[in-house]
Amino acid sequence: MNNACRTDSACTPTVATAQPAMSYEPAFDLIETESALVLRADVPGVKPEGVDLTIERGELRLLAKPAARHAGARALREEFGVGDYHLSFTLPRDVDAANVTAALSDGVLTVTLPKPAALQPRRIAVTG
Amino acid sequence: MNAFPTVLNPASLVRQMDRALDQFFGATSPRATPPVNAWEDEQALLVEMELPGFKIDQVEVTWERGTLTIRGARPEPSAAEGERYLHRERTFGRFSRSLTIAHDIDPAGVTATMTDGVLTVRLPKSAVAQPRRITVSAN
């Protein structure tokens with residue numbers, strides 16, 4: 001019994017879409033290739049200057065702010081909310097943080113996190 | 001005045017709940033009917049849909065007798081050799097969404113733009129539906 005819930009509304013989980021100031025975890029894929037980890041995150045409405053990406057002590061943190069839209073218009077229907085995207089997780093592999101690259105295209109952020117050179121497969125030429 | 005018939009609201013509520021559940025559990029299936037937001041100013045209705053990763057030629061917008069239909073397909077990227085998914089959550093595939101709009105719309109003026117993965121359809125109100133300021137003259 002939770003005594004902090006005094007009214008129905010205080011106990012009902014907020015539907016995220018109704019809150020303009022909410023933040024959202026973007027849908028994302030994390031792919032491992034031979035040479036890198038590749039993150040692809042859906043962040044519709046975000047421009048490159050709205051992205052803040054840090055990698056520190058093996059943790060990736062992403063904050064992406066969508067550009068304002070429809071200022072002053074009257075909402076007729078709101079099925080999804082617009083707010084900041086937050087994502088953070090511990091990287092499952094060592095990465096070469098100095099050589100991480102990120103690109104944003106059509107609302108999809110692609111972050112390429114190379115594995116350290118020592119962990120990358122090398123093909124050894126055999127001389128005869 | 002609400003431009004959308006209220007009979008659509010139960011479905012809208014279901015989708016809102018889907019979205020809320022997705023936030024907790026992660027999306028598990030392709031969303032066949034993506035959510036929309038709709039807005040209104042004096043000149044037009046604006047309908048927006050988040051379509052990250054879609055190219056403009058992968059989206060089709062039609063307006064026919066009071067119904068706006070948005071269709072599209074985001075092809076799944078083909079996995080290259082040696083690629084392995086550690087986390088997979090983004091959805092791909094086809095979708096279709098139709099909205100009945102009860103405003104008088106100027107069909108020739110309907111436009112659609114894609115910016116940063118957000119589709120915005122602008123439906124200009126026909127001249128008769130736009131507010132007019134009437135000058136009062138002294139008699």
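Everything quoted here is computed from the prediction, not taken from an experiment.

Visitor: Explain the interface of chain B and chain A to me, please; I cannot follow it from the model alone.
Guide: Reports often express the size of an interface as the amount of accessible area lost when the parts come together. The partner chain A presents 40 residues to the 48 residues of chain B that form the contact. Buried surface at the junction of chain B and chain A, both sides included, amounts to about 3900 Å², of which 51% is carbon and sulfur. Along the contact surface separating chain B from chain A lie ten salt bridges. Close ionic contact of A:Glu32 with B:Arg84 constitutes a salt bridge, the shortest N to O distance being 2.8 Å. Linking chain B with chain A are 20 residue pairs in polar contact (both at pLDDT 80 or more), by the criterion used here. Within the residue set of the side of chain B that touches chain A, elements represented by two or more residues are α1 (9-25), β1 (36-40), β2 (44-50), β5 (84-87), β6 (93-100) and β8 (118-124) of chain B. Here the side of chain B that touches chain A takes six residues from α1(B), the largest share from any one element. Tallied by class, the residues present in the side of chain B that touches chain A amount to 22 nonpolar, twelve polar and 14 charged.

Visitor: Teacher, can you tell me more about the nonpolar core here?
Guide: Grouped together as the largest cluster of nonpolar side chains are 19 residues, with contacts concentrated most on A:Leu39, A:Leu60, A:Phe89, A:Leu91 and A:Leu113. Within the residue set of this core, elements represented by two or more residues are β2 (28-32), β3 (36-42), β5 (59-66), β7 (84-90) and β9 (108-114) of chain A. Dropping the residues within four chain positions of it, A:Phe89 is found in contact with A:Phe28, A:Leu30, A:Leu39, A:Gly58, A:Glu59 and A:Leu60. Residues B:Ala38, B:Val59, B:Ile70 and B:Phe95 belong to the second largest nonpolar core, which totals 18 residues.

Visitor: Any chance you could explain the side chain of B:Asn37 here in plain terms?
Guide: Locating B:Asn37 in the fold gives a position in strand β1. For B:Asn37, a relative accessible area of 1% corresponds to the buried category. Here A:Glu79 takes part through its backbone nitrogen, which lies 2.9 Å from a polar atom of the side chain of B:Asn37. Side-chain polar atoms of B:Asn37 contact the backbone oxygen of A:Phe80, separated by 3.0 Å. Sequence-distant contacts of B:Asn37, defined by excluding residues within four places in its chain, comprise A:Arg77, A:Glu78, A:Glu79, A:Phe80, A:Val82, B:Leu46, B:Val47 and B:Glu48.

Visitor: Got a minute to help me understand the environment of A:Arg61 in this structure?
Guide: Residues and elements named next belong to chain A. You can see Arg61 is positioned in strand β5. Spatially, the C-alpha atom of Arg61 lies 8.9 Å from that of Thr90, the residues being 29 residues apart in sequence. Setting aside anything within four residues of it in sequence, one finds Arg61 in contact with Asp52, Leu53, Thr54, Glu56, Leu87 and Ser88. A polar atom in the side chain of Arg61 sits 3.4 Å from the side chain of Glu56.

Visitor: Even after reading the chapter, I still don't get the packing of aromatic side chains, so can you show me in this structure?
Guide: Working definition: an aromatic ring pair is given by the centre-to-centre distance plus the angle between the planes. If you walk through the whole model with that rule in mind, you get two aromatic pairs over all chains. When the centroid spacing of 5.5 Å and the interplanar angle of 5 degrees are considered together, the rings of A:Phe28 and A:Phe89 count as stacked. With A:Phe28 in strand β2 and A:Phe89 in strand β7, this pair connects stretches of sequence that are 61 residues apart. Plain terms: the ring middles of B:Phe54 and B:Phe95 are 5.8 Å apart, the flat faces sit at 75 degrees to each other, and that makes the pair edge-to-face.

Visitor: What should I look at first to understand the pairing of β5(A) in this one?
Guide: Remember that side chains alternate between the two faces of the sheet whenever the strand is regular. Residues and elements named next belong to chain A. With burial as the criterion, only one face of β5 is covered, namely that bearing Leu60, Leu62, Ala64 and Pro66; the residues Glu59, Arg61, Leu63 and Lys65 on the opposite face remain uncovered. Both strand β4 (residues 46-56) and β5 contribute to a ladder of seven bridges, which runs antiparallel. Its bridge partner lying in β5, Glu56 is registered against Glu59. Hairpin connection between β4 and β5: a loop of two residues separates the two successive antiparallel strands, and Arg57 in this loop has a positive phi of roughly 50 degrees. Across six bridges, the pairing between β5 and β7 is antiparallel.

Visitor: Would you take a moment to explain the sheet that holds β7(A) for this structure?
Guide: Strand pairs in the sheet, formed through backbone hydrogen bonds, run parallel or antiparallel to each other. Spatially, the four strands line up as an open sheet ordered β1-β7-β5-β4 (chain A), and their pairing is mixed. Of all the strands in the sheet, just β1 (23-24) and β4 of chain A have a single pairing partner and so form its edges.

Visitor: Whenever I open this one, unusual backbone geometry confuses me. Can you help?
Guide: Residues other than glycine predominantly adopt negative phi, and peptide bonds predominantly adopt the trans conformation. With phi around 50 degrees, A:Asp106 is a residue other than glycine that occupies positive phi space. Turning to its location among the elements, A:Asp106 is positioned in the loop between β8 (101-105) and β9. On the basis of relative accessibility, which here comes to 28%, the residue A:Asp106 falls in the partly exposed class. Of note in this structure, B:Asp116 is not a glycine but carries a positive phi near 50 degrees.

Criteria and thresholds
Residues numbered from 1 in each chain as written. Chains lettered and ligands numbered in written order. Predicted model: local features only at pLDDT ≥ 70, side-chain atom pairs only at ≥ 80, totals over all residues. Heavy atoms only, no water. Contact = heavy atoms within 4.5 Å. Buried area = accessible area lost by both parts, 1.4 Å probe. Salt bridge = Lys/Arg side-chain N within 4 Å of Asp/Glu carboxyl O. Polar contact = N/O pair within 3.5 Å; in protein donor to acceptor, adjacent residues only side chain to side chain. Helix = DSSP H or I, 4+ residues; strand = E, 2+ residues; numbered from the N terminus. Nonpolar A, V, L, I, M, F, W, Y, C, P; charged D, E, K, R; others polar. Core = buried A, V, L, I, M, F, W, Y, C linked by side-chain atoms within 4.5 Å. Buried < 20%, exposed > 50% of the residue type's maximum accessible area, 1.4 Å probe, protein only. Phe/Tyr/Trp six-rings, centres within 6.5 Å; stacked < 30°, edge-to-face > 60°. Pairing = 2+ DSSP bridges.

That is the geometry; function is a separate question.
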